[in-house]
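Fold and contact review
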Amino acid sequence: MQAMILAAGYGTRLRPYTLIRPKPLFPVLNRPLLPATIERLRNSGCRRIIVNCHHLAGQIGAALAGLAGVELQEEPAILGTGGSLAQVLDRIDPGAPLLVCNGDIYHTVDVAALYRQHCAGGLRITMALHHYPRFSKVLVRDGLVTAFDAPAGSAGTCAYTGIQVIDPQVLRTMDERRPYCIIDHYRQLLAGGEAIGAAVVAAPNWSDIGTVADYLGLHGDLLSGRKEVWPELQRHTSSSFVVDDQAVVAAGCRFNDWVCIGKARIGPGARISRSVLWDGAEVPPHTVVEDRLVVAVSEAVVGTARPSIEVL
C-alpha cells in the first residue's frame, strides 16, 4: 500500500504558533503528530509514504530524516491539495491505489479497511466521510458523493475526513504546475459523470487541530477518555496528567482536570489546568495557567498582527 500525507499548508488559523512550528509537527501527548501518523500508516500496511511540505519544510525534513520508506516532496510554492497530488504522479506506482490523508488531523479511521473497500468497489475515488455537522457539506446518496456544496449540516450531508483512496489516473488531467484544489477537480469529474464513492465512517474520533481551541480540545478528549488514544501514543500517557520525564516540576505545584507538559520548568506553587506546555516553556512560581497553550520564551514571535504567543 502506498500513501501520501499532505503537510505543506501554512496553518494560518493557528498563527502565530505556526510561524515557529508547522502544524503537522504540533505535539500530541508530547509526540509530534506527523511522525506518529507515519507510524500508524506503517502499522496499517503502508510501505511507501510520500510527505509533501512547503511551510517550514526544513523542520519537517529534520523530523522525518532517516525514516525508511518515507520520501519528501518539497514544493517551492503552495500547490494546494490537487496540485500536490498531480506532482506526485511520477513518483508512485501508477497502477496501484493511493491512500491520501491530511497531516494535521487526528482520527481512528481504519485506513486498511478503507483501502480494501476501495479496491472492491470498482470506483476510481473513495472518500472517507463522517457525520460532523460543523463541516458537513458533502451530499451522499446510495453510497455515492453527489455534491460538495450542500448547506452545512443539512439532511443527507457528511463531512470529508481528509482521507481518501484514489486511482492515480484521475489526477492525469490536472496541471501540477499551479495551485489547485482536489475538490474542485472532483466537482468537474462529477459534472462529467464520474462516480465518487462515499465510505461513511462511524465514530472515527476525528479532530482537526486548526485552532488553539481545537488543539486543546483534542488533548482534553484524549486525556479525559472521550477519544481513543492511538497505540502509537499510548507510551506517552498513563493518566490525565502527562508530564515529560525531563520536565522540572517544583514542590507545591497542582494539576487539575488534565495537563500535558513537555520538557518544561514549573515553578513552586504553580497551578495548571487544561493546558499544554511545549518543550522549553517556563511557568513562574505561583502562576495560574488555565486553558492555554504555552511555548518557550525563545520561540516567541514578535511583530505579528495576531495576538502574541503565550509565554509566561
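Cut-offs and rules
- Residues numbered from 1 in each chain as written.
- Predicted model: local features only at pLDDT ≥ 70, side-chain atom pairs only at ≥ 80, totals over all residues.
- Heavy atoms only, no water.
- Core = buried A, V, L, I, M, F, W, Y, C linked by side-chain atoms within 4.5 Å.
- Buried < 20%, exposed > 50% of the residue type's maximum accessible area, 1.4 Å probe, protein only.
- Helix = DSSP H or I, 4+ residues; strand = E, 2+ residues; numbered from the N terminus.
- Contact = heavy atoms within 4.5 Å.
- Pairing = 2+ DSSP bridges.

Per an unreviewed UniProt entry, the recorded name for the protein is Mannose-1-phosphate guanylyltransferase, and the organism is Desulfofustis limnaeus.

One broad rule of soluble globular proteins: the nonpolar side chains tend to lie buried together. Counting 29 residues, the largest nonpolar core has Met127 and Tyr186 as its most contacted members. Secondary-structure elements contributing two or more residues to this core are β1 (2–6), α3 (80–87), β6 (98–102), β8 (125–130), β9 (138–141), β11 (157–166), α5 (182–191) and β12 (196–200). The element contributing the most residues to this core is α5, with 4 residues. Contacts of Tyr186, omitting those with residues within four sequence positions, involve Ile125, Met127, Phe148, Gln164, Ile166 and Ile196. In this structure, Ala3, Cys53, Val70 and Val109 belong to the second largest nonpolar core, which totals 27 residues.

Strand order in the open sheet made by the 3 strands is β15-β17-β19, with parallel pairing throughout. Every other strand in the sheet has two partners, leaving β15 (248–249) and β19 (282–283) as the edge strands with one partner each. With 2 bridges connecting them, β15 and strand β17 (residues 265–266) associate as parallel partners. Looking at the pairing, Val249 lines up with Ile266 of β17.

All right, on to the pairing of β9 then. Both β9 and β11 contribute to a ladder of 2 bridges, which runs antiparallel. Looking at the pairing, Leu139 lines up with Thr157 of β11. Two elements, β9 and strand β10 (residues 144–147), share 3 bridges in a ladder whose sense is antiparallel. Along β10, the bridge assignment pairs Arg141 with Leu144. Connecting β9 to the antiparallel partner β10 that follows it, the hairpin turn spans 2 residues, and Asp142 within it adopts a positive phi of roughly 55 degrees.

Here the focus is unusual backbone geometry. For the bond from Arg15 to Pro16, the omega torsion is 10 degrees, close enough to zero to count as cis. Residue placement: Pro16 occurs in the loop between β1 and β2 (27–28). Non-glycine residue Ala203 carries a positive phi angle of around 45 degrees. Looking at the secondary structure, you find Ala203 in the loop between β12 and β13 (207–208). The phi angle at His286 is positive, at roughly 60 degrees, despite the residue not being glycine.

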